[in-house]
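# Reading the structure
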Amino acid sequence: MEKKEKIEEKKKEIAAGAVCDDKQCPEHGTLSARGRIFEGTVVKKHLRRIAIELERTVYIKKYERYMKKKTRLHARVPMCKEQSVQIGDYVQIQECRPLSKIIHFVYIKTIRTKDKEKGK
Ligand SMILES: [Zn+2]
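Scope of this entry: the structure provided in the associated data block. (Residues numbered from 1 in each chain as written. Predicted model: local features only at pLDDT ≥ 70, side-chain atom pairs only at ≥ 80, totals over all residues.)

### Observations regarding the pairing of strand E3 (residues 65-76)
Where strand E2 (residues 49-60) meets E3, twelve bridges bridge the pair, whose relative direction is antiparallel. Note that in E3 the partner of glutamate 53 across the bridge is arginine 72. Connecting the antiparallel pair E2 and E3 is a turn made up of four residues, with glutamate 64 showing a positive phi of about 50 degrees. Pairing analysis gives two bridges linking E3 to strand E5 (residues 103-112), with the strands arranged parallel. By the bridge assignment, histidine 74 is partnered in E5 with isoleucine 103. (Pairing = 2+ DSSP bridges. Helix = DSSP H or I, 4+ residues; strand = E, 2+ residues; numbered from the N terminus.)

Next comes the structure, spelled out in C-alpha cells:
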C-alpha cells in the first residue's frame, strides 16, 4: 500500500508540472530506445507497464493458407506518460535494454485513442 501511495503522489506531482525524474524514461532518463518498433493495441495496463497485442499472419505450408497469430509484448511506461495511455489505445513501442524478465520495450507514443476509433 505504501508503494502505491507513493506512486499516487508522484502522479500528482507530474500532473502539477514537476519534471519527470524517472530513470527509465527515454526523454528525461538514461534509458535509450533503440532497435525494433512495434505498434499494437493496449490490452492490459499495470503500474508503469502495459501489454500490447499485435496480429500477424503466418503461412501454413500444408494448407497453403495464412493463419492469424497474436503476439503480446510488455512495455515500460515512463511516469510522465502514465496518464496518456488507456486500455484500447493504439500505441507505438520501441525496443530497449531488458528492464526485467518480460519487459524489453518502452512506450513511445499513442497513435490513436480508443475514443477516436469509436467516432469513425
Ligand atoms: Zn519522462
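### Topic: the nonpolar core
In terms of nonpolar packing, the biggest core is built from ten residues, these being Val42, Ile50, Ile52, Ala75, Val77, Val91, Ile93, Phe105, Val106 and Tyr107. Where this core is concerned, the elements lending two or more residues are E2, strand E4 (90-95) and E5. Among residues more than four places away in sequence, those in contact with alanine 75 are Ile50, Ile52, Ile93, Ile103, Phe105, Val106 and Tyr107. (Core = buried A, V, L, I, M, F, W, Y, C linked by C-beta atoms within 7 Å. Buried ≥ 20, exposed ≤ 12 C-beta atoms within 10 Å, placed from the backbone. Contact = placed C-beta atoms within 7 Å.)

### Here's the deal with the environment of valine 19
Note on placement: valine 19 falls in the loop between helix H1 (2-15) and strand E1 (37-46). Overall, valine 19 belongs to the exposed group, with 8 C-beta atoms counted inside 10 Å. Taking C-alpha positions, valine 19 is 8.2 Å from cysteine 80, a pair spaced 61 residues apart along the chain.

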